[in-house]
Structure formats: structure tokens, C-alpha cells
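Observations on the three-dimensional arrangement
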Amino acid sequence: MKNIRFYETKKRLTAFVLMGTIALSTITLTSCNKKEKEETSQTSVETIPEEATVNTVKENIKKLFPEMNDEIVDDTTLILLLNILAKEDENGKISADVISNFKSKIDSDNIMDNFNAFLSQLENGMIKENKIISMSNVLPQELDNDKVILSHIEKIVENIKNSTDKATINKEFTKLTTLFVEEDELEVDGFKFEIRDLTNGSRALAQAYARTAAYFARNYITEEQAERMDNRTNNQNNKAYIKTDLEVLGNQIDEVSEIDVVSAFDNQYLAVENYIDTKVDLSSGDEKDLVNYLNLKYLASDKVATKDKNQILNGYEEEKVNDVILSIDAINTYNLNNQNDIITFSNLLVGEYKNTQTGQIDKVALDFVQYNSIMLLNTVEKDAKFTDIFNNPYFQNLKLYIMRNDFTHKYNDGDVKVQHEEISGGANLINNEIIRYTLSKLPQVKGLESFVELSKTNLEGSIQYVQNIVTGECEKAELEEFVKTK
């Protein structure tokens with residue numbers, strides 16, 4: 001494919017581009033094929049003792065984060081209540097009997113992905129709003145020990161935030177160092193506790209508070225103190241224990257997809273083939289993988305049985321990932337030369353997924369990145385200097401995405417705000433490659449290289465996400481295997 005200096009292009013996108021009005025061939029993904037569970041109507045009115053606790057915790061989280069994705073709220077709630085919903089018996093074994101009332105499928109990678117998104121929003125929310133967001137008040141009385149310990153940790157962080165006295169801040173930070181770095185016992189107001197006294201879910205919350213404390217104390221503690229705290233709180237094994245428990249529970253649940261998901265994806269492949277083939281010459285295998293990876297969050301959700309997910313994904317190969325990246329590049333090249341008839345990446349979302357909250361967030365994120373990438377290349381001159389690029393409003397928008405900040409996308413019918421933590425790994429794969437490709441087409445001026453490197457790092461994280469979800473393993477992916485600058 002011939003390379004073109006796209007920043008010389010002056011055409012403007014037509015009004016409807018990336019505004020959600022382009023549609024693929026109509027595909028109906030209803031629940032008419034859903035396998036009905038026996039006697040659902042008879043059991044739907046029954047309740048279990050844990051239901052009130054689960055609903056209360058969900059409501060408490062929603063009060064703190066009213067705009068948070070319901071899927072993130074649900075999965076976070078289940079992790080925080082894991083010791084209640086999957087209690088150990090006298091032999092130390094856990095059962096899915098209770099938690100299966102709240103999840104029809106337990107995909108450990110997907111649930112942990114949502115929990116990590118919650119922790120990021122908790123930590124970032126406290127930093128952005130300069131306040132302590134109390135999770136101790138969210139937990140139920142059944143986790144009274146966790147509530148007390150977390151409340152003491154929250155108070156220590158609050159003392160650090162509210163003080164400007166170096167001695168006071170270091171004294172309080174030393175308490176957190178005792179807990180998290182040295183993992184020793186701490187006594188506060190006559191109450192003695194260790195970080196290991198917390199359940200694994202609450203321990204992850206506590207670590208978020210410790211990292212936030214390091215931020216609030218950044219001007220008063222040494223770099224070494226901050227690094228030790230960051231390293232210890234990011235490398236402890238409580239999340240691994242959570243994931244292991246989820247995997248054990250997941251193996252006990254008889255999974256059923258909500259729809260005939262294999263047929264739904266087959267229909268989507270056909271629609272995407274009709275949509276793309278007249279414009280870009282991609283193999284049917286590349287088109288399928290592109291659709292699969294973009295919709296990976298849906299495939300990993302509790303709406304899709306693991307056997308159906310595995311059948312659709314058909315294993316993990318580095319060559320598949322590389323070909324998907326090259327396919328994204330080929331579509332980008334076509335779009336820049338045909339701006340009145342572009343291929344909109346959000347049109348590749350499966351209809352059933354697009355109807356979910358996460359799917360809607362992904363659609364906006366895809367439209368945001370694609371629109372600003374094309375417009376950036378349209379408005380940057382071939383002899384532009386770094387300041388010209390940096391001050392370009394479309395670059396500033398992409399900079400928000402590169403830095404993983406929240407952003408707002410403007411549609412004809414209103415603005416939509418997106419929190420970066422809620423974008424799926426599949427959409428991030430597409431968007432991070434669009435951004436990497438776009439930056440490679442700009443004049444390579446001094447000052448731009450840091451953004452280029454960060455875009456590659458972001459892409460590496462997306463590739464890692466794909467590998468983890470498809471394989472269920474955590475072997476580190478090497479970026480150099482995939483990124484090929486054209």
C-alpha cells in the first residue's frame with residue numbers, strides 16, 4: 001500500500017462521520033435464542049440471606065460513584081464480599097452455591113479487570129477531588145473487622161492530606177510504612193492490627209489508600225519512601241489469591257450463554273465483511289480477529305459461556321495479534337484517503353455488546369480517538385514545529401487518551417463524558433494503535449518522542465490484555481513482536 005503524507009490533506013469530515021449515524025447491515029441480536037433455565041419463573045421470587053447485603057454494598061458504591069459502570073460496581077461488590085459469598089468449609093474449600101445466585105459465569109480475568117478499574121477510580125478520585133473517599137462505610141457489618149481497620153487507614157491518609165507540617169506527615173506516613181512495607185503490627189488508639197488481618201478485597205482497597213497517601217505526602221517524603229510504598233502495594237499477592245478463588249468458583253458453575261453467541265458473531269463477521277471488503281482488502285481471518293478482539297470484553301463477560309468464548313476466539317497466536325494491528329493500520333490508511341466514506345471502528349461492535357453500558361462507553365471512546373486522529377492529520381502542516389502540534393486542539397484531545405485521562409466527546413445531540421478506566425481492553429487495543437499510527441504520520445519533531453513512546457507502552461498493555469483474556473494466563477507479551485511502523 002502506497003504511503004502518503006496525510007498531514008497535507010485539507011478535506012474535512014462530512015457532518016455525519018463518527019456521529020453514530022452510519023449503520024452496518026441490520027443484525028438482530030435478541031434473546032430469542034437464549035436457553036431458558038428450568039423453573040426460572042418459580043424461583044425468581046425467592047431470595048437468599050446474602051441478597052440484602054449485596055444490594056446494600058452496591059447502593060453504597062453507587063452513592064460514592066454515581067456515574068460508574070454497573071458491571072464494575074457489581075464485580076467490585078462480589079470481590080469485597082467474597083468471604084461472605086464463598087465461605088470456606090471445615091476442610092478449607094469454597095463453594096459457588098451462594099455466589100452463583102449473582103453471577104451466571106465467573107471469568108476471573110474479566111472480574112479482576114473490573115475490580116482494578118474500580119481501584120483506579122477510587123485512587124484517582126481522591127487525588128483529583130483532594131478528599132478521602134471512605135470505603136469503610138461501604139462495607140457491611142459482617143465485615144466489621146475490615147471496616148475498623150480501613151477506617152483507621154483512612155484517618156491516617158486524611159491526617160497526611162490535611163497537614164503541612166513535615167514532621168507530622170512523616171510520622172503518619174511511617175505508620176503506613178509499618179503496615180504495607182514492613183508488614184508489621186500497628187497500634188492506633190489501643191487497637192492493634194496488621195494488613196494481613198484484612199480480607200483480600202479490603203486489602204486491595206487499603207493499598208489504594210497507601211498509594212494515595214504517598215501522593216498527598218509527595219512534597220514531604222523522600223523519593224525512596226514513595227518508591228518503596230508503590231512497589232510493595234503493587235506487588236503483594238492478595239489479588240492473586242482473589243483470582244485463584246474466582247477460578248475455583250468459576251469451575252463449579254454450569255455456564256450458559258444468554259444468546260446463541262456463536263451465531264451472533266458469525267452474523268457480525270458477515271456484516272463486517274460486506275462493510276469492509278469493498279474498501280480494504282483484508283482476509284476473512286483478519287476481519288474475524290479484529291471483531292473478536294474489539295468485542296473481547298463481551299466475550300469475557302458473564303453473558304457468554306467459556307466454551308462459546310473459546311470456540312469463537314479459537315486460541316491465541318502472536319501472528320493473529322500482529323495481523324489485527326496491521327489491519328487497523330490498513331483501515332486508517334483507507335480512511336485518510338476516503339474521508340467521505342470512512343470505515344467507522346465503532347460499527348464493528350457486536351450489537352448485543354453495544355447495548356451494554358461498557359459497549360456504549362467503548363463506542364464513544366472509539367469515535368473520539370478516530371475523529372481526533374483524522375482531524376489532527378488534516379490540520380497539521382508538513383513543516384509544523386512541536387509547539388504547532390502540541391497546541392493543536394485535536395492533539396490535546398488525543399493527549400488526554402494517551403495520558404489515560406477522562407475526556408468528553410462532542411456528538412450532534414450532546415456531549416458524552418468518558419472515564420478512561422471504564423474503556424475495555426479491546427477498544428483500547430484499537431485506539432492505542434490508531435494513536436500510534438497517527439503519531440507516526442506527524443512530522444517527527446523533537447518533543448514528540450515522549451508521546452510516541454507512551455503510545456507504544458499503552459499498546460503493549462492492550463496486547464497484554466488480549467493475551468491474558470484469550471489464554472487465561474499472565475505471560476508477559478513483548479511489544480517488539482507486534483509494533484511495526486509503516
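Scroll up for the structure.
Residues numbered from 1 in each chain as written. Predicted model: local features only at pLDDT ≥ 70, side-chain atom pairs only at ≥ 80, totals over all residues. Heavy atoms only, no water.

When helices and strands are counted, the protein shows 21 helices and four strands. By residue count, 53% of the 486 residues in the protein fall in the buried class. As displayed, the protein has an accessible area near 22,300 Å², and 44% of this comes from carbon and sulfur atoms. (Helix = DSSP H or I, 4+ residues; strand = E, 2+ residues; numbered from the N terminus. Buried < 20%, exposed > 50% of the residue type's maximum accessible area, 1.4 Å probe, protein only. Areas by Shrake-Rupley, 256 points an atom, 1.4 Å probe, with all protein chains shown as cover.)

What follows is about the packing of helix α12 (residues 284–294) against helix α15 (residues 318–337). Running from amino to carboxyl end, α12 crosses α15 at an angle of 95 degrees, the nearest separation of the two axes being 9 Å. With respect to α15, the axis of α12 lies roughly perpendicular. For the pair α12 and α15, contact is made by Asp286, Asp289, Leu290 and Tyr293 and by Lys320, Val321, Asp323, Val324, Ser327, Ile328 and Ile331, respectively. Taken together, the residues of the contact of α12 with α15 sort by class into six nonpolar, one polar and four charged. (Axes fitted to C-alpha atoms, helices over the stretch in contact; angles between N-to-C directions. Parallel < 35°, antiparallel > 145°, perpendicular 65-115°, else oblique. Contact = heavy atoms within 4.5 Å. Nonpolar A, V, L, I, M, F, W, Y, C, P; charged D, E, K, R; others polar.)

A few words now on a negative patch on the surface. A cluster of acidic residues, Glu182, Asp184, Glu185, Glu187, Asp189 and Asp197, forms a negative patch on the protein surface. Topologically, Asp189 is positioned in the loop between β1 (186–188) and β2 (191–193). Taking the relative accessible area as the measure of exposure, Asp189 reaches 76% and is therefore exposed. (Patch = residues over 30% accessible without salt bridge, like charges linked within 9 Å, V, L, I, M, F, W, Y side chains within 5 Å. Salt bridge = Lys/Arg side-chain N within 4 Å of Asp/Glu carboxyl O. Lys, Arg positive; Asp, Glu negative; His and termini not counted. Charge placed at Lys NZ, Arg CZ, Asp CG, Glu CD.)

Further remarks concern unusual backbone geometry. Of note, the phi angle at Asn130 is positive, near 50 degrees, even though the residue is not glycine. Its place among the elements puts Asn130 in the loop between α5 (108–129) and α6 (144–162). Of note in the backbone geometry, Arg404 takes a positive phi value of approximately 60 degrees without being a glycine. The exposure class of Arg404 is partly exposed, given its relative accessible area of 47%.

What follows concerns the pairing of strand β4 (residues 414–418). Alignment of strand β3 (residues 407–411) against β4, held across five bridges, turns out to be antiparallel. Bridging from a neighbouring strand, Thr408 pairs with Lys417 of β4. From the end of β3 to the start of β4, which pair antiparallel, there are two residues. (Pairing = 2+ DSSP bridges.)

Attention now goes to the nonpolar core. Val261, Phe265, Ile276 and Leu439 are the most contacted members of the largest nonpolar core, which totals 77 residues. It is helix α17 (residues 357–379) that provides the largest number of residues to this core, a total of 10 residues. Beyond its immediate stretch of four places on either side in the chain, Phe265 contacts Val291, Asn292, Asn295, Tyr298, Leu299, Ile312 and Val350. Residues Ile106, Leu139, Val181 and Ile221 belong to the second largest nonpolar core, which totals 66 residues. (Core = buried A, V, L, I, M, F, W, Y, C linked by side-chain atoms within 4.5 Å.)

If you trace the backbone, Asp75 turns up in helix α3 (residues 70–80). Asp75 gets classed as buried once you look at its relative accessible area, which sits at 0%.

In this section: the pattern of salt bridges. Considering all chains together, one arrives at 24 salt bridges under this definition. Of the charged contacts, one joins Glu183 and Arg203 as a salt bridge, the two residues approaching to 3.5 Å between their closest N and O atoms. With Glu183 in the loop between α7 (166–181) and β1 and Arg203 in helix α8 (residues 200–216), the pair connects residues that are 20 residues apart, well separated along the chain. Taking the relative accessible area as the measure of exposure, Arg203 reaches 9% and is therefore buried. One continuous salt-bridge network, built from bridges that share partners, spans Glu183, Glu194, Arg196, Arg203 and Arg232.

Right, let's get into the packing of aromatic side chains. Inspection of every chain in the model, using the stated rule, returns 13 aromatic pairs. With a centroid separation of 6.2 Å and an interplanar angle of 70 degrees, the aromatic rings of Phe265 and Tyr269 are classed as edge-to-face. Of this pair, Phe265 and Tyr269 are both found in helix α11 (residues 261–276), four residues apart, which corresponds to roughly one turn of the helix. What makes Phe265 buried here is its relative accessible area of 0%. Aromatic side chains Phe265 and Tyr298 sit 6.4 Å apart centroid to centroid with 10 degrees between the ring planes, which places their arrangement in the stacked category. Placement of the pair is Phe265 in helix α11 and Tyr298 in helix α13 (residues 296–299), with a sequence separation of 33 residues. Here Phe265 and Tyr298 have matching classes, each one buried. A cation over a ring is seen here: Arg218 above Tyr215, with NZ or CZ 4.0 Å from the ring centre. (Phe/Tyr/Trp six-rings, centres within 6.5 Å; stacked < 30°, edge-to-face > 60°. Lys NZ or Arg CZ within 6 Å of the ring centre and 35° of its normal.)

Two elements in contact, α12 and helix α20 (residues 425–441), have axes separated by 7 Å at closest approach and are oriented at 125 degrees. The orientation of α12 relative to α20 falls into the category oblique. Residues Leu290, Tyr293 and Leu294 of α12 touch α20, and the partners they reach there are Gly426, Ala427, Leu429 and Ile430. Of the residues assigned to the contact of α12 with α20, the class counts are six nonpolar, one polar and no charged.

Here Ile469 shows up in helix α21 (residues 449–471). Taking the relative accessible area as the measure of exposure, Ile469 reaches 3% and is therefore buried. Taking the C-alpha atoms as reference, Ile469 lies 9.3 Å from Leu299; in sequence the two are 170 residues apart. Residues contacting Ile469, with those up to four places away along its chain left out, are Asp109, Asn110, Leu296, Ala300 and Lys309.

One pass over the structure, following the stated rule, counts one cavity of 30 Å³ or more. By volume, the largest cavity is sized at about 60 Å³. For the largest cavity, the full set of lining residues is Asn332, Asn335, Leu336, Gln370, Ser373, Ile374, Leu377, Ile434, Tyr437 and Thr438. Broken down by secondary-structure element, the contributors of at least two residues to the lining of the largest cavity are α15, α17 and α20. Per-element tally for the lining of the largest cavity: the top contributor is α17, with four residues. Broken down by class, the residue content of the lining of the largest cavity amounts to five nonpolar, five polar and no charged. (1 Å grid on protein atoms, 1.4 Å probe; cavity = no way out; pocket = protein on both sides within 12 Å on 5 of 7 lines; lining within 4 Å. Points joined across faces, edges and corners; volume = space filled by probe spheres on them.)

Remember that the coordinates give geometry; whether it matters functionally is a separate question.
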